Amino acid sequence: MMMLRLRPISMLETLSIASKALWSNRLRTFLTMLGVIIGIASVIAITSIGQGVQKATEQQIQSLGTNVLQIFPSAARTGGISQGVGSSSTLTWEDAKAIQKEVKAAQVVSAYLQRPSQVVSGQDNHSTNLVGIDLNYLAARNTQLTQGRFFTQEEMDTAAPVAILGATLLNDLFGKDGQPIGEQIRIQGNSYKIVGVFEAKGAEGSIDRDDQVFIPLSNMSSRIVGNNSLNGTAVNGIYVKASNQEQMKLAEFQVTNLLRLRHHLTSSQADDFSIRSQTDVVNTFTTIVGLFTVMVTAIAGISLIVGGIGIANIMLVSVIERTREIGIRKAVGATKYAILQQFLFESILISLIGGVIGMGFGISTAFGTALVFQFPFVVSVGSVVGGFGLSLIVGLLAGLIPAQNAARLDPIIALRSD
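Residues numbered from 1 in each chain as written. Predicted model: local features only at pLDDT ≥ 70, side-chain atom pairs only at ≥ 80, totals over all residues. Heavy atoms only, no water.

*Asks:* Got a minute to help me understand the overall build of the protein in this structure?
*Replies:* What the protein contains, in helices and strands, is 13 helices and 14 strands. Looking at the protein as a whole, 46% of its 418 residues are labelled buried. In the protein, of all internal contacts separated by at least 6 residues, the share reaching a separation of at least 24 is 76%. Here the protein displays about 21,700 Å² of accessible surface, and carbon together with sulfur accounts for 61% of that area. (Helix = DSSP H or I, 4+ residues; strand = E, 2+ residues; numbered from the N terminus. Buried < 20%, exposed > 50% of the residue type's maximum accessible area, 1.4 Å probe, protein only. Contact = heavy atoms within 4.5 Å. Areas by Shrake-Rupley, 256 points an atom, 1.4 Å probe, with all protein chains shown as cover.)

*Asks:* Before we go on, may I ask you to explain a nonpolar patch on the surface in this structure?
*Replies:* Together, Leu27, Phe30, Leu31, Leu34 and Ile38 make up a nonpolar patch on the protein surface, roughly 480 Å² of accessible area in all. Mapped onto the elements, Leu34 comes out in helix H2 (residues 26-64). (Patch = residues over 30% accessible without salt bridge, like charges linked within 9 Å, V, L, I, M, F, W, Y side chains within 5 Å. Salt bridge = Lys/Arg side-chain N within 4 Å of Asp/Glu carboxyl O.)

*Asks:* Help me understand the packing of aromatic side chains, please; the structure alone is not making it clear to me.
*Replies:* In this description, a pair of aromatic rings is defined by centroid distance and the angle of the planes. What the rule picks out here adds up to seven aromatic pairs. Consider the rings of Phe150 and Phe198, whose centres lie 6.4 Å apart with planes at 50°: the pair is tilted. Of this pair, Phe150 sits in the loop between strand S6 (145-148) and helix H5 (153-157) while Phe198 sits in strand S9 (residues 190-198), placing them 48 residues apart in sequence. Summarising the burial analysis for this pair, Phe150 and Phe198 share the class buried. Connected via pairs of aromatic rings, a cluster forms that spans Tyr137, Phe150, Phe151, Phe198 and Phe214. In this structure, Arg26 is placed above the aromatic ring of Trp23, and the distance from its NZ or CZ to the ring centre is 4.6 Å. The cationic tip of Lys97 hangs over the ring face of Trp93; the distance from NZ or CZ to the ring centre is 4.3 Å. (Phe/Tyr/Trp six-rings, centres within 6.5 Å; stacked < 30°, edge-to-face > 60°. Lys NZ or Arg CZ within 6 Å of the ring centre and 35° of its normal.)

*Asks:* Looking at this structure, how should I read the nonpolar core?
*Replies:* Generally speaking, a soluble globular protein has its nonpolar side chains buried in company with each other. Judged by nonpolar contacts, the single largest core of 57 residues is most densely connected at Ile71, Ile99, Ile133, Ile185, Ile187, Val213 and Ile238. Among the elements that make up this core, the one with the highest residue count is strand S4 (residues 106-121) (seven residues). Those residues in contact with Ile187, other than ones at most four positions away along the chain, are Ser117, Gln118, Val119, Leu130, Tyr192, Val213, Ile215 and Ile224. In this structure, Leu22, Ile37, Ile339 and Ala406 belong to the second largest nonpolar core, which totals 25 residues. (Core = buried A, V, L, I, M, F, W, Y, C linked by side-chain atoms within 4.5 Å.)

*Asks:* Looking at this structure, how should I read the pairing of strand S7 (residues 162-165)?
*Replies:* On a regular strand, one side chain projects to one face of the sheet and the next to the other, so that they alternate. With burial as the criterion, each face of S7 is covered, one bearing Val162 and Ile164 and the other bearing Ala163 and Leu165. Examined bridge by bridge, S7 and S9 share four bridges and lie parallel to one another. The residue bridging Leu165 from the neighbouring strand is Val197, located in S9. Summarising the sheet, S7 and strand S12 (residues 212-216) pair through two bridges and their orientation is antiparallel. Across the sheet, residue Leu165 finds its bridge partner in S12, namely Val213. (Pairing = 2+ DSSP bridges.)

*Asks:* What am I meant to see in helix H10 (residues 323-331) here?
*Replies:* Along an α-helix, residues three or four positions apart point the same way, because every turn accommodates 3.6 residues. Looking at H10, one finds that the buried residues are Thr323, Ile326, Gly327, Arg329 and Lys330. Within H10, the buried residues cover an arc of 165° as seen down the axis, which keeps them to one side. (Arc of directions from axis to C-beta.)

*Asks:* Honestly, the pattern of salt bridges in this entry has me stumped. Any pointers?
*Replies:* Working definition: two side chains of opposite charge can pair if their charged atoms are close together. For the structure shown, the criterion picks out four salt bridges. Between Arg149 and Glu155 there is a salt bridge, with its nearest N and O atoms 2.7 Å apart. Put simply, Asp271 and Arg260 hold a salt bridge, and the shortest N to O gap is 2.5 Å. Here the residue Asp271 occupies a position in the loop between helix H8 (248-262) and strand S14 (273-277), and Arg260 occupies one in helix H8, the gap between them amounting to 11 residues. Residue classification places Asp271 among the partly exposed residues on the basis of a relative accessible area of 34%.

*Asks:* So what exactly am I meant to see when it comes to the environment of Gly237 here?
*Replies:* Residue position: Gly237 is located in strand S13 (residues 237-242). Since its relative accessible area comes to 0%, Gly237 is described here as buried. Counting along the chain gives 144 residues from Gly237 to Trp93, while the straight-line C-alpha distance between them is 9.0 Å. In this structure, Gly237 is in contact with Ile71, Leu91, Ser110, Ala111 and Tyr112, ignoring residues within four places of it in sequence.

*Asks:* Which parts of the structure should I look at to understand the packing of helix H11 (residues 336-373) against helix H12 (residues 381-408)?
*Replies:* Between two packed helices, what matters for the description is the angle formed by their axes and the separation of those axes. Contact pair H11 / H12: the axes reach a minimum separation of 7 Å and the direction vectors enclose 150°. Between H11 and H12, the angle is such that the two are roughly antiparallel. As H11 packs across H12, the resulting crossing turns out to be right-handed. For the contact of H11 with H12, the class distribution of residues is 18 nonpolar, seven polar and one charged. (Axes fitted to C-alpha atoms, helices over the stretch in contact; angles between N-to-C directions. Parallel < 35°, antiparallel > 145°, perpendicular 65-115°, else oblique. Left-handed = near helix turned anticlockwise from the far one by under 90°. Nonpolar A, V, L, I, M, F, W, Y, C, P; charged D, E, K, R; others polar.)

*Asks:* Sorry if this is basic, but what is going on with the environment of Val103 here?
*Replies:* Position of Val103 among the secondary structure elements: in the loop between helix H3 (93-102) and S4. Those residues in contact with Val103 that sit more than four places away from it in its chain are Ala98, Ala251, Gln254, Val255 and Leu258.

*Asks:* I tried to follow the side chain of Arg260 on my own but got confused; where do I start?
*Replies:* Overall, Arg260 belongs to the buried group, its relative accessible area being 17%. Apart from residues no more than four positions distant in its own chain, Arg260 is found in contact with Leu265, Thr266, Ser267, Gln269, Ala270, Asp271 and Phe273.

*Asks:* How do you make sense of the pairing of strand S8 (residues 184-187) when you look at a structure like this?
*Replies:* Alternating residues of S8 divide into Ile185 and Ile187, all buried, and Gln184 and Arg186, none buried. Relative to S8, S4 is paired through two bridges, and the arrangement is antiparallel. Considered in S8, the bridge of Val120 is made with Arg186. Where S8 lies against S9, four bridges are found, and the strand directions are antiparallel. Considered in S9, the bridge of Ile187 is made with Asn190.

*Asks:* How should H11 be read in this particular structure?
*Replies:* For H11, which comprises 38 residues, the first-to-last C-alpha distance of 55 Å matches the rise-based estimate of 56 Å (1.5 Å per residue) to within 8%. The positive-phi residue at the C-terminal boundary of H11 is Gln374, with phi of around 60°. (Expected span 1.5 Å × (residues − 1).)

Okay, here's the thing in structure tokens:
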């Protein structure tokens, strides 16, 4: 009598059986995938958006020069409560001129004075930021004009009523392709002639640097604000551009010593000013974005865990529903390993397909966000590989217990089940 030898089922055949089982319950399979799809999409989208925003910020700061120090007046205190950096008048235009003259590590020094204001052009009234600047502003801020010219020494000396518009303000008052040179605008009842337009620089934090109008610092001080310091012309800040990044620390040290001497501060007194570098801004922002990304990724991880639990639940239900099928397969020679492999494959397939859909959705979301908010589109290879790996791990762990339960079923009891 000839004995039949059962051929072991190949991995490809097991994969085919698992795929057919999932396809026969398409809606349930898709709903089971949702937790994984949302989790993976969130991880990739948030990581990509965070890196894009970080890169955009770095590009903006680099466009202003990474070798620039910003000096702010100290914070005024009311009732023991700090009013914030720049709320007191401890810096003057004369301080900026002294830094330019005496600090050897300083290549260019520029002071500025700013206030919120209304700008009127014809029938248009626009709320914006009015900034008084000196003749070193172009070099200190690494910026150029797209129309017209910069202020002259004579206009600075005579506090002439001339103005330069930012790109956003140009668009609001005259249209994107407007030609405002020679036109008149009114600021606090005074008429100013437009002589130039600055190139677009984008936002710096919450401030749109293009939604500003610039006038000579001498005019700003004498006609808008007034010389509100006993020691000279008070300013809101001073830019100090070093010759290179290696000179930054030296420039900061020399500026600190000079300002302490000029402000007659004793060794026991704290600085009445603060100094911040562009590198500090980048590092601070990078830290904030990194913490936010980690927080949101952790929340997305919870979604993945919920998705894994959903897969495990569905697979357990599937084992119960297909008990008779498992009994038949075992009766015709299927081994415990073959049954275990089939149910593991089903679980991993659900998770991997969900992961691939989630990756596509996450990348699309990141691309759309970058397009709308106009920052670089960045997709981290690590986040994509990590997302795929997470999908595999979730599917494996979620399917392990249901697959073991299926493999351990007694074929006789399984065949008797309804």
